[in-house]
Structures are given as structure tokens and as C-alpha cells.
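# Structural features, examined
One-letter residues, chain by chain:
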Amino acid sequence: MEKTIDIKKIFPYHACENDLIFTGYGYITAGFDVLLPEVFTTSRENHVISIDSISNTIKNLPVGTIVHKQDFFYNGYFDEELKEDIDICKAKNFKSYAFKALSNSYSRIYISFPVADVDKKIKPALFNIKDYITSSPDKAFLNKYNEVIQTIVGFEGMLKSVGWSPKRMNNEALSSAIYDYWNMSYDKPSDMSKKTSMFIDPYLLENDNLKIGNQNIAVLSLVKQPTTLMSSVIPSLSAGEVYENDNDFINDIMIENSFSYPIGLGLPINHIVNTVIEIDTNSYIEKELTKAKRDLNFASGLGKFGGAKAVEKQDLIDLFVQAIDEGGYQMCRTSMNVIINEIDRKKLDVYVELTKQALSNMGDAGVFVENKKSLMEFMANAPGNTKTCERKFYSTTELSIAYWIRESNYYSDREGIQYLDRFGNPIYVNMWQNKYITARNKVVFGPTGTGKSVLMNHYISEALAMGNHVVGIDVGGSYKSSVGLNKGLYFDAADKEKLKFNPFLLEKNSAGEYLLGLDQDQVKIASDDDEEGYNRAYDINFLYTVIAATWKGGDDAILKKETVAIIKEQIQEFYVYLNKNKIEPNFDIFFNYVNTIYRDTFGKQHPDDFFNYQSFSLICKEFTTKGRYPLLLNAKENFDFVDDKFIVFDLEAIETDEAIKGLVAGLIINLVTVKIEKVKGKRVSFFIDEAIDFLKGDMGEFIGGMYRKIRKKNGEVIIATQSVEFLSSAVPLVMQSITNNTSTIML
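Everything in this summary refers to the structure shown in the same document. The structure displayed is predicted, hence computed values, not measured ones. (Residues numbered from 1 in each chain as written. Predicted model: local features only at pLDDT ≥ 70, side-chain atom pairs only at ≥ 80, totals over all residues. Heavy atoms only, no water.)

### Remarks on the overall build of the protein
In terms of helices and strands, the protein carries 21 helices and 25 strands. Sorting the 747 residues of the protein into buried and exposed places 54% on the buried side. Total accessible area on the protein stands at roughly 34100 Å², and carbon and sulfur atoms take up 51% of it. (Helix = DSSP H or I, 4+ residues; strand = E, 2+ residues; numbered from the N terminus. Buried < 20%, exposed > 50% of the residue type's maximum accessible area, 1.4 Å probe, protein only. Areas by Shrake-Rupley, 256 points an atom, 1.4 Å probe, with all protein chains shown as cover.)

### Section: the layout of surface pockets
The space that makes up the second largest pocket amounts to roughly 1200 Å³. If you go around the second largest pocket, you meet 41 residues; those closest to its centre are Tyr74, Asn75, Gly76, Tyr77 and Asn104. The greatest single-element share of the lining of the second largest pocket, amounting to six residues, is contributed by strand E6 (residues 101–114). Residues that form the lining of the second largest pocket fall into these classes: 17 nonpolar, 16 polar and eight charged. (1 Å grid on protein atoms, 1.4 Å probe; cavity = no way out; pocket = protein on both sides within 12 Å on 5 of 7 lines; lining within 4 Å. Points joined across faces, edges and corners; volume = space filled by probe spheres on them. Nonpolar A, V, L, I, M, F, W, Y, C, P; charged D, E, K, R; others polar.)

### A look at helix H2 (residues 44–58)
The end-to-end C-alpha distance of H2, which contains 15 residues, comes to 21 Å, matching closely the 21 Å that a straight helix rising 1.5 Å per residue would cover. The set of residues buried in H2 consists of His47, Ser50, Ile51, Ile54, Ser55 and Ile58. Considered in projection along H2, the buried side chains sweep an arc of 125° and stay on one side of the axis. Where H2 is buried, its residues touch strand E5 (66–77), helix H4 (139–161), strand E11 (232–233), strand E12 (257–258), strand E13 (271–279) and helix H11 (397–402). (Expected span 1.5 Å × (residues − 1). Arc of directions from axis to C-beta. Contact = heavy atoms within 4.5 Å.)

### Observations concerning the pairing of E13
Most of E13 is tucked away: nine of the nine residues are buried. As judged from the eight bridges shared by E5 and E13, these two strands associate in the antiparallel manner. If you follow Asp71 over to E13, its bridge partner there is Val273. Bridge count for E13 against strand E14 (residues 331–342) is nine bridges, and the pairing is antiparallel. Each bridged residue has a counterpart across the sheet, and for Val276 the counterpart in E14 is Ser335. (Pairing = 2+ DSSP bridges.)

### Considering the side chain of Thr42
In this fold, Thr42 is placed in the loop between strand E4 (27–34) and H2. A relative accessible area of 17% means that Thr42 is categorised as buried. Once residues within four sequence positions are removed from consideration, Thr42 is found in contact with Pro37, His47 and Glu256.

### What to know about the packing of helix H14 (residues 536–552) against helix H15 (residues 561–581)
In the contact formed by H14 and H15, the axes pass within 9 Å of each other and the chain directions differ by 115°. Along this stretch, H14 crosses H15, giving a crossing that reads as right-handed. Taking contact as the criterion, the partners of Arg536, Ile540, Asn541, Leu543, Tyr544, Ile547 and Trp551 in H14 are, on H15, Thr563, Val564, Ile567, Lys568, Ile571, Gln572 and Tyr575. (Axes fitted to C-alpha atoms, helices over the stretch in contact; angles between N-to-C directions. Left-handed = near helix turned anticlockwise from the far one by under 90°.)

### Some details on unusual backbone geometry
Positioned with a positive phi, Phe40 is a non-glycine residue whose angle comes to about 70°. Assignment of secondary structure puts Phe40 in the loop between E4 and H2. Even without glycine at this site, Met184 takes up a positive phi of about 50°. Following the sequence through the fold, Met184 ends up in the loop between helix H5 (171–182) and strand E8 (203–206).

### Focus: the nonpolar core
Ranked by internal contacts, the top residues of the largest apolar core, which has 78 residues, are Tyr575, Leu632 and Phe686. Broken down by element, the residue count for this core peaks at ten residues, all from H14. Contacts of Phe686, omitting those with residues within four sequence positions, involve Val471, Gly472, Ile473, Ile668, Ile669, Val672, Ile710, Glu716, Val717 and Ile718. (Core = buried A, V, L, I, M, F, W, Y, C linked by side-chain atoms within 4.5 Å.)

### Points about the environment of Gly64
Relative to the elements of secondary structure, Gly64 occurs in the loop between H2 and E5. Judged by relative accessible area, Gly64 falls into the buried class, the value being 12%. Residues Gly64 and Pro114, 50 residues apart in the sequence, show an inter-C-alpha distance of 6.3 Å. If we ignore the near neighbours within four places in the chain, the residues touching Gly64 are Tyr27, Ser112, Pro114 and Ile279.

### A look at the pattern of salt bridges
Tallying each qualifying case throughout the model produces 19 salt bridges. We note a salt bridge from Glu256 to Arg44, for which the minimum N-O separation is 2.5 Å. One end of the pair, Glu256, is in the loop between E11 and E12; the other, Arg44, is in helix H2, and 212 residues separate them in sequence. One salt bridge in this structure joins Lys144 and Glu147, with 3.6 Å as the shortest N-O distance. (Salt bridge = Lys/Arg side-chain N within 4 Å of Asp/Glu carboxyl O.)

### Some points on the sheet that holds strand E21 (residues 489–492)
Pairing between the strands of a sheet comes from backbone hydrogen bonds, and it takes one of two forms, parallel or antiparallel. Across the sheet, which stays open at both edges, the seven strands sit in the order E21-E22-E20-E23-E24-E19-E25 with parallel pairing between neighbours. Edge positions in the open sheet fall to E21 and strand E25 (742–746), since each of these has one partner strand only. Across this sheet, the average inter-strand angle for adjacent strands is 15°, counted without regard to direction. Set on the sheet, helix H12 (residues 452–465) makes contact with strand E19 (441–445), strand E20 (469–474), strand E22 (646–650), strand E23 (684–689), strand E24 (715–721) and E25; between it and E24 the angle comes to about 165°.

### A few points about empty space enclosed by the protein
Tallying each qualifying case throughout the model produces nine cavities of 30 Å³ or more. By volume, the second largest cavity amounts to about 120 Å³. Among the elements of the structure, E5 and E6 are those that each provide at least two residues to the lining of the second largest cavity.

### Structural notes on the packing of H14 against helix H17 (residues 613–620)
Running from N to C, H14 and H17 point in directions that differ by 85°, and their axes come no closer than 8 Å. The orientation of H14 relative to H17 falls into the category roughly perpendicular. Here Ile547, Thr550 and Trp551 of H14 come into contact with H17, specifically with Ser615, Phe616, Ile619 and Cys620. (Parallel < 35°, antiparallel > 145°, perpendicular 65-115°, else oblique.)

### Quick word on the packing of aromatic side chains
The tally for this structure, following the rule as stated, stands at 42 aromatic pairs. Each ring, one from Phe393 and one from Tyr403, has its centre 6.0 Å from the other, and the planes form 70°; the classification is edge-to-face. Taken together, the positions of Phe393 in strand E16 (residues 393–396) and Tyr403 in the loop between H11 and strand E17 (417–420) put the pair ten residues apart, joining distant regions of the chain. According to the relative accessible area criterion, Phe393 is buried, its value standing at 12%. Its guanidinium or amino end placed over the ring of Tyr428, Arg414 lies 4.2 Å from that ring's centre, counting from NZ or CZ. Seen from the ring of Trp551, Lys552 lies directly overhead, with NZ or CZ sitting 5.9 Å from the centre. (Phe/Tyr/Trp six-rings, centres within 6.5 Å; stacked < 30°, edge-to-face > 60°. Lys NZ or Arg CZ within 6 Å of the ring centre and 35° of its normal.)

Okay, structure coming up:
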């Protein structure tokens, strides 16, 4: 038998004003949109902390206050619009994601206060929900609001303190939430500000089954509390295929989540989870429990016909009251239910059974599928209307908060990189500015064949699409195709004609003098407190590292302090000499200067064992124009790729050449820092893939310092290698810089 419900007669609302809901039942309600922590990011300790923080606030709310948490879960499809100027890789991703099934969720919290002297005969406003924004509430409502405004502000502050990012709902948001609940359109949230009218679909009761428009509704109420209620658990879930949808579903979870996870993200169907907490005095609830215990007296005398169970219930009431008194807990009334909506009635029946199973996975919680009271319980969980809920049980605020779902889907940030999350949803993850990231540098671990380079190529493609400049060091040509697709520059170390630098071409003043060759009082020197000015120390340390690398090459031994000091003195005096004689430098000129002018002028001041000129000359001559590496350090000008967005240096050809591989890596990294300085305001991503062996000796120490500097200068360093074991073999500063300046590790 089908019965049409005249929803106008039971609609409980009077108005939405002052960012509040006013109901004819005499309650005012404030609402908050909240962002719960992303799934699998909350530890057991943090679950406990959040429960304690929320409970401490709720138990101090005025008597009669009702807190209603409403969580929405629904399935959808990826239908993001493909932009015309998108790059080819991103376009292919979009095509593969087209109409992919997605799971979604969002949460709201309402806090309601009773108004004792409200006129209960207030007539509802016009049934068009749009009119509630302009309808005027009873004066008693507004008086109550003035009383509780500070309580609302304090409640919002508590939600902020637990990291839930609350946003107070305004009149339009509250009206939209009311409409979406009563119309079961929460999977396509409405925006009241963009609609002229919002009428609710017809309500039907068909053999006690509730139907809203073409959607069948089922309400499952928690009627038996679980035997064990935990702050967080490793959830027990049904297999994903039983839901017969296209969602990627994880059921073998080994990470603790909130206790109610099985009816939250663990239930991949369209549904709402309602948890209602009503504050009352302990004395009043104890009186109700005493009455309930007295009502069991008759049943307790029935012997085997139920008497034992009645006595057991009476004993449990005594234990509960005793625990409350001894522990100082705040008692409350609590209700919890799951509301499912589905067009196909047969599917709904299947979903009801699966939901019952999910609830039983929560410590054997008992559930009742509403029939005759389905409409009543549905209404009783509408925003602002929870005073009318009948399925409440006695509890404490601490235990009641443990029922709250405290995780959501992963959030998407359009400023981020596109990935698939653990549920198969395409999302954008901001790996540059993110609350979980304190240092944006990254490390990628993966043995050969595990997709490390595929991941890196994807990251690079996305970074370029966002406007980043990208520079990389590679071994093996993994990025050659990517460079071609993105019209970048590719340098192969096998081509000696292209692999040439001149690290001696440093900054000059307007008169053409090298700043390093001027007295310090002639130049504004940068400092840790003031980065503006000339960074004299950086240039000296960089050139020292280059010279040490030409001399020691693949030798991991660090030069002794006296030798380091002499080389740094040579560098400074060399630039004084250049300015005086108007000479443009290269390694040839520096080599000759050290062996002649510097040795004749300063060499006799140092013991022979402090600086071995014979060793320096014998080894370093290989880097002069007459040596084995004539072009490497004697270019007439340096690489200038400030305006080039994508550059990759493939160093496979020199991977086994211990004499220069670390040196070349250092020269490239220096050019990256120069690029960062010159493209201020733009992001620079620098990656090193399978070239970690290049970071040794003095060059490793220099690169370790650069690792930190690049991060501070709006850049990021990404190191990709086969295993974590490389950290143990890295020089101390490299290892320390990586571990202290890296927040993202990809395995």
C-alpha cells in the first residue's frame, strides 16, 4: 500500500537567520563544515588526543545542548574537463581516468541549543527552502543566540585545535544542507546562492518502506552497543567485489583507523552516518536508570524465562552508575544510525545486509532496520532536528566521541601533482606546500624495474605543467623522451664538445671588476640575517670544491685544514690579480697563476707539507687545455639556461671516470643555484637519478650544503636511488642534509 506524505505538515523549520537554523521544536542550531584528517594519516595516539579534546569541550556544554555529527559518503565518476593547452602526457592520463568510479566524502557538525520560552505554535515559513533565508525568527530565538554565541565560538576553537579546519556555515550553506538532506541530493551538494527555488521531491511510504522521489531509503539504527569500544582499531571489512560497483576498494587494511571506519570509508555505497550526543545532568540520567532498573524487577522474578537476563541488566546498570561516579565522567544520551539511499530496491536490500555486517564488525554492535519508524528516524536526524530522535542510549561523552568517524578521503589540491590515491581516485597532491611537509625535498627509493623512472617522469611532466623549471642529472637516458616531448635541452656527457664549463666566471660590478677580488668594505656582503648582497663565502667554497675535485678526483679523503686554507687564499688572491690585470679567467690561467705568481709570492710562507705544488701540478694539468680534459673547465662562457624550463644532463658516459664525475655533478648543481637566483619567484625542481655515487669527498660536502640552500631558495631536490643503503655510504653532510631537509619519501 502506497501513502503520500504531506511533507509540509511535518517540516520542522522556521527560519535561517544570523547563520543559524531555527526550528519549531524550540532549538537554534549552528553548523560547521569540517575537514577530517586524511585516511591513514592519524596515529593511535592522535585518535586518543582528539577524543579527549572533543570530549572535554562537549561535557562542559550547557545542559540540553545537542551535538550532531553527520558524515556523507557517495560514489561518483571522474568527469574533469580536459583543457586545450594540456600537455600530451597529462591528456593521456585524463583519457584513462575518464568516467572512472570515485569515492567521495564530507562531514558536518551541528550544535543545537534549547530555547525554553519559544512559542511552540510558530508556523513554518513557506515550503520553498529559499524563503528560510529571509523569514524572521521568534524574538526568543535571538535572545538565546546572544546567550550561547561564546559557546559556539569556543566550540569552533576546539574543532580548530584538533585540526579539523571548521568553517561556520552561513544562511545559504545551512539552507542548502537542509535541502540536500531532505531531498537526498547530498551526492551533488546544492548552492542556495545560485538557485531561485528549491522544492523537495515527494515522500512516499510503501509497505513501511520510505521513498523520496525515485530513491528508496533504509535507516539502520544502532540498538546494542558494541562489547568493546576503542579509540581506533584495525578495521574488519567485507571484500570489495560484494558491493558490485567499479570502485577500487581496500579491505586488507593493517593501519588503525577510527572505530566506525567499517561504516564510513569502509562502506563504499551512498550513505549517511549520523551520531547524536545530547548533554544532560548526571543526576537526571541516574534517576532514569534507577527507574529502568526498577522496571526490571518484575522480569527478574521470572527465573529461566528471562529473570537471569533482567538481573544481569540490573547489575550492569549498577556498574555503569558506579563507574560514572568514581571516574567523574559526563553522562549523555547518544544515538547512531546509517541512512542508505538507492534507486534499485533489490540493490538496497543487498546494501542493507552489507551494512548490518559492517556494523557487526564494530565489536558485535546490534542494529535494527527501521520499518514503521523509518520516516520518523529519518526526520529525527535532519540538521537541527535531532531532539526528536528516539533511538538514544545512555553513554558518556568520551565513549560517544569514540563512535565519531575521524578520517576522510584524500583531499585534492589543484596546485599539486596528479596521482591515484589508495582507493584509485585521481587526486592532486600539493607536494610543494602541504601541512604534512616541512621540507619539500624528496627521496625516491626503488630497485631496478619497480617503476622509479616512470614515477619521476610523471612528476617532471606535472611539475612542468605547473610552470616549474626542471633540471636533472641522470645516468642512462631515462628522460631523453621526456625532454623531447617537452622541447627541453639534453646534454650527453659522451659529447665532450658540449660538456664544458667555466666556474671561474663569477659576479662582477658595473666597472667590470670581480667582486671576489675587491676588499670587503667595497662590497655589500650577504649574511644569514640579510641574504641581499654578494655571497663571498659561497663563491670561495664553491671554487675550493672545484679545485679539490680536480686534484683529488675520486679520492674520498678530505684535504687537511692547512691545505684547504691555502687553496682558499689562492682563490682570493687570484681574483685580486685578475682585477688588477683585467684578465678573464679559466682553469688554465688559475693553474699557471698558482704555479708561478702565487708560489713565488706566498709559497715560501707555507711549509712544503701544507701544499704539495708538485702533486698539484702533476694531477691538475689534466684539466688545462693541454691535458686530458681540455674543455671541461676552460669554456669562454658558462651554460646559460636561465630561460630554459627543462634541462637534463646524462652523465652515464663519465660514470666510471672517478676523476671528473663528482666534479661535473658539482658544476651542474652550482648552475642550478645560479638559475634559482635569477628566476626569482619561480619554482625550480632539481633531480638526481641513480647518480648518488657522484656525491663523494669534498664535492659531496659541497653538494650537501647546496641541498639545504636550494630548498631555502624556492627550489626542491629530488634524489632517486635503488635502496636506502645509499645513505650509509654518503658523506656525513650529504646524509645529514637529506635526512634533515626531506619530508617526502617515495617507495
